Structures are given as structure tokens and as C-alpha cells.
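Structure assessment
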Amino acid sequence: MIISVASGKGGTGKTTIAVNLALSLGDVQFLDCDVEEPNAHIFLKPRLTDERRIFVPVPEIDESKCTYCGKCREVCAFNAIAVLGGTGPGGGSVLVFPHLCHGCGACSIFCPEKAIKEIGREIGMVESGIRDGMGFVHGRLNVGEAMSPPLIRKVKERADSARTVIIDAPPGISCPVITAVEGSDFCLLVTEPTPFGLNDLVLAAGMLRELKIPFAVAVNRDGIGDGKVDDYCAGEKIPILMRIPFSKEIAGAYSRGEPAVSLFPELAGQFRDLFSRIRTVSGSS
Amino acid sequence: MKICVTSEGKSLDSPVDSRFGRCSNFIFFDTDTEGFEAQENSGFQFQGGAGIQAGQLAVSKGVTAVLTGNVGPNAYRVLASAGISVFTGVSGTVKEAIEGYRNGKYKAAEAPSVALKSGTQVKNE
């Protein structure tokens, strides 16, 4: 079973819940798909045993074959190619903007002169290892790189279908999040009981309905803010599966890179209960 | 010869648009005939590559100079590669910009004037 932990708003406690759930269950595989700022390893402290550099294909133009017809530019949905047909200082030229390229391959498929081949551009790496019985995989996107979905897919390719897989998703509701959560059997949305938490929870719930992924809510920092998250969930019949009280001690542990369950072992039972409730509401008990 | 001025509107009295790739309109002005053509910028809301498309358009129109407020690195690369002179820091109306260009008021940019994605920020004027 694949459980993803996501949220509209950043900083609500995705990593806190994903990490502590994983530690409370023990025999799981953890995938940190927040490749722009992976941080689960700080809490899980896995022994990393493998690293693989990840590349996306980008076009390389053989200008000895190119006729500057402009077909590649025309088919590129991401404006990653400009073709200057004979008006440039040295005759024609083709300019490729690799950071805009999504590696779809349309340019090389449609080039009538077969003048385009694809070369690899490194966007980051996937590292993996173990902690006790837990499998661990995360992606690290190169600094300055904007193309995270291909790297997230590479992290997810390592999912072990024989185990319970916990995915720590990036915040938001855009392409990286969709890439991280799609294919999950269940998604837990972490929110905080504030107007900001609610606003982004509503957006995230809409995204998951669109993706047809069953989901429920965990409320972190319970006790602050107002009751509108509860009202919304009640109105929409979204189950709230867990509440973590607002606690300076938990925040302090987080800031030191210590998982809450190692400081408060009694929390482990609550996280195992959370897992049971997830199995019940997702119908996979 | 033809020059391209980024414009908020479609007439010569419109203010110069301070952005290149994400301007509202392009005015293509022919200095020989004094005629012009206004074209809406279809790349205004592109998620990425607006400057590249705008540069490509300027190239296909055969302009020799671009007058605008700012130009980013991608658009600059397209324009410079095509041998088009880029004049940044241009303001006022389109008509004033063309006048200024003819009087040698502006100096051609030798580098992009702003960073990637600058045109996507909300204008605060």
C-alpha cells in the first residue's frame, strides 16, 4: 500500500507526520519526494548505500544537417527552441534553452532532416539506503534546477510494492505534488487549524478529488487558530484521522532533527492507530 | 528598416511597455514608410519561454532594433544571436521612443537588463 503525505500549505507538518508514522510502523519503505528540499533523512538518519545521477534528455542539433525549417520550434510546447533562419550573423542558427526543456522528444521525432539527437542533462540524484528495517529513498534536485517531476518519478520507480510505502510529498498543488501523489492508494493531507491552512487544504482536496485518490486529514498544531478546518471537514465529510496538539516540545525536537516519537514514545501508539484508521477509511483493511 | 517597440496599447500614443517577453503589444514600425503594425503578444501568459517566443517573433518580422524597458537573458540571447540591437530603459510613448531612437538618444544594451522570470512579477508603477 502506498500512502502519500501531502498538504497545500507548506510547513504544516508533512515531514513530521510522515517520519513519525514510518518510525512507529518500522517495516516500511520511505520515499522523500520533496526533491527541492529533502529533509526526512535528517530525522531518519538512514545509512545511504547507493547514489544515481539522474538525467533528462535535451536536444542537440547537428547544424550540418539542419535546414532551419523551424519545425522543432513549432512543435516545442515549452518554447525551449528558437530558430534563426539565415538572418543571424553566421547564417542560420538554432538556439536551445535546456532549462525550459521537459525532455518530451517531440523535436527529434518531428525533425524532417533527422538533425536532432538527445543528450542527457543532469538534474539531480537519487540516493537510497536503510535505517534498521526501513528502506529509504530520496531525490536531491540540483540547485537552480526547476524541472523536479522527472526526478520525483525516478524516486517513485524505486517503490517496493511488497511493502507499505510512505511518500513525503512537496507542498502545494502543482506538477511536483501531482507527480508525487499520483498512484497512491491513499493520501493524508496535513493541515493546521488556521485560515491559511484551511485555504490551502481546500485546494489540495480539490486536487485529490480530480486525481481520484482517497484522502483524509490530519490536523497539526491543534489548539491554535479557529474551528473552521473542523467545520469544513465536517461539511465535506472528510475524516480527520489524527490531531497533534500544538507543542513547544515537539517543535523543539523538530528543530534539533529529533523525531517526536523518540522524545515521546507514547506517540508511537497514536501513529499506529493513525495507520489502522487509514487502512479502514481507504478500504484496504 | 523596421523596429519593434513594446507597447501597452496599439497606437503610437500608447505608453512603452516596460517588459519585453511579457509586454501587452508589439508595435512594428517601418522607418521608411512611417507605417506601423500592432500585434498582441500571445506569449503574455506563457508559463515559460515568453521572451524566447517574443525574440523569435522580432526575428521573423525582420526588425533591426528593439526598444523596450527591460529584456531578460533568454530573449537577449535570441535577439543578440540574430544581430538585432536591443535598447533598454526606454519609456514614454511609443512615438517618443521612436523619436528618441532616431535622435540617437539610446545606447544599445550589451547584456540583459533583468533576470529570468522578471516579467512575471506584478508591475508596481
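Residues numbered from 1 in each chain as written. Chains lettered and ligands numbered in written order. Predicted model: local features only at pLDDT ≥ 70, side-chain atom pairs only at ≥ 80, totals over all residues. Heavy atoms only, no water.

1. Some words on the overall build of chain A
What chain A contains, in helices and strands, is 11 helices and 11 strands. For chain A, the residues scored as buried account for 51% of the 285 residues in total. Sequence separation of at least 24 residues holds for 73% of the intrachain contacts in chain A that already meet a minimum separation of 6. Roughly 12900 Å² of accessible area belongs to chain A as shown, and the carbon and sulfur atoms make up 53% of that amount. Seen as two clouds, the 30 positive and the 34 negative side-chain charges of chain A have centres 2 Å apart. (Helix = DSSP H or I, 4+ residues; strand = E, 2+ residues; numbered from the N terminus. Buried < 20%, exposed > 50% of the residue type's maximum accessible area, 1.4 Å probe, protein only. Contact = heavy atoms within 4.5 Å. Areas by Shrake-Rupley, 256 points an atom, 1.4 Å probe, with all protein chains shown as cover. Lys, Arg positive; Asp, Glu negative; His and termini not counted. Charge placed at Lys NZ, Arg CZ, Asp CG, Glu CD.)

2. So, the pairing of strand 2 (residues 28–32) of chain A
Residues and elements named next belong to chain A. Of all the 5 residues making up strand 2, 5 are buried; the element is thus mostly covered by neighbouring parts of the structure. Along strand 2, one buried face is formed by Val28, Phe30 and Asp32 and the opposite face, lined by Gln29 and Leu31, is buried too. Bridge count for strand 2 against strand 8 (residues 164–168) is 5 bridges, and the pairing is parallel. The residue of strand 8 that forms the bridge with Asp32 is Asp168. As judged from the 4 bridges shared by strand 2 and strand 7 (residues 134–141), these two strands associate in the parallel manner. Each bridged residue has a counterpart across the sheet, and for Asp32 the counterpart in strand 7 is His138. (Pairing = 2+ DSSP bridges.)

3. A word on helix 5 (residues 149–156) of chain A
Residue and element names in this part refer to chain A. The buried count for helix 5 comes to 6 of 8 residues, which makes it a mostly enclosed element. For helix 5, the full list of buried residues reads Pro149, Pro150, Leu151, Ile152, Val155 and Lys156. Elements in contact with the buried residues of helix 5: strand 2, strand 3 (47–61), strand 6 (116–131), strand 7, strand 8 and helix 6 (175–181).

4. Considering the domain arrangement of chain A
Interface extent is often summarised as the accessible area lost during association of the parts. When its domains are assigned, chain A resolves into domain 1 (2–54 + 134–281) and domain 2 (63–114). Taking only C-alpha atoms into account, the centre of domain 1 of chain A sits 41 Å from that of domain 2 of chain A. (Domains from an automatic or database assignment.)

5. Remarks on the interface of chain A and chain B
Facing the 15 residues of chain A at the interface are 15 residues of chain B. Summed over the three residues of chain A that lose the most area to chain B, namely A:Asn79, A:Leu84 and A:Phe97, the buried surface amounts to 41% of that side. Applying the counting criterion to the chain A and chain B interface returns 0 salt bridges. Connecting chain A to chain B are 5 residue pairs in polar contact (both at pLDDT 80 or more). Looking at the side of chain A that touches chain B, the elements that each hand over two or more residues are strand 4 (81–88) and strand 5 (91–96) of chain A. Across the side of chain A that touches chain B, the residue classes break down as 10 nonpolar, 4 polar and 1 charged. (Buried area = accessible area lost by both parts, 1.4 Å probe. Salt bridge = Lys/Arg side-chain N within 4 Å of Asp/Glu carboxyl O. Polar contact = N/O pair within 3.5 Å; in protein donor to acceptor, adjacent residues only side chain to side chain. Nonpolar A, V, L, I, M, F, W, Y, C, P; charged D, E, K, R; others polar.)

6. A closer look at the side chain of A:Glu145
All names here are of chain A. Among the secondary structure elements, Glu145 is positioned in the loop between strand 7 and helix 5. At a separation of 2.7 Å, a polar atom in the side chain of Glu145 contacts the side chain of Arg121. Here the side chain of Glu145 touches Met147 through a polar contact of 3.0 Å, landing on its backbone nitrogen. Those residues within four positions of Glu145 in sequence are excluded, and the remaining contacts are Arg121, Glu122 and Ile123.

7. Quick look at the sheet that holds strand 4 (residues 65–67) of chain B
Residue and element names in this part refer to chain B. The 5 strands lie next to each other as 3-2-1-4-5, forming an open sheet whose pairing is mixed. For this open sheet the edge positions go to strand 3 (36–40) and strand 5 (85–87), each flanked by a neighbour on one side alone. Each strand axis lies, on average, 20 degrees off the axis of its neighbour in the sheet, ignoring direction. Taken together, the 5 bridges between strand 2 (residues 25–30) and strand 3 define a ladder with antiparallel strand orientation. Across the sheet, the residue bridging to Phe26 is Gln39, located in strand 3. (Axes fitted to C-alpha atoms, helices over the stretch in contact; angles between N-to-C directions.)

8. Topic: the packing of helix 7 (residues 195–211) of chain A against helix 8 (residues 228–236) of chain A
All names here are of chain A. In contact at an axis separation of 10 Å, helix 7 and helix 8 are set at 25 degrees when each is read in the N-to-C sense. Viewed along their axes, helix 7 and helix 8 adopt a mutual orientation that is roughly parallel. Remark: the crossing between helix 7 and helix 8 carries right-handed chirality. Across from Leu198, Leu201, Val202, Ala205 and Arg209 in helix 7, the residues of helix 8 making contact are Lys228, Val229, Tyr232, Cys233 and Glu236. Broken down by class, the residue content of the contact of helix 7 with helix 8 amounts to 7 nonpolar, no polar and 3 charged. (Parallel < 35°, antiparallel > 145°, perpendicular 65-115°, else oblique. Left-handed = near helix turned anticlockwise from the far one by under 90°.)

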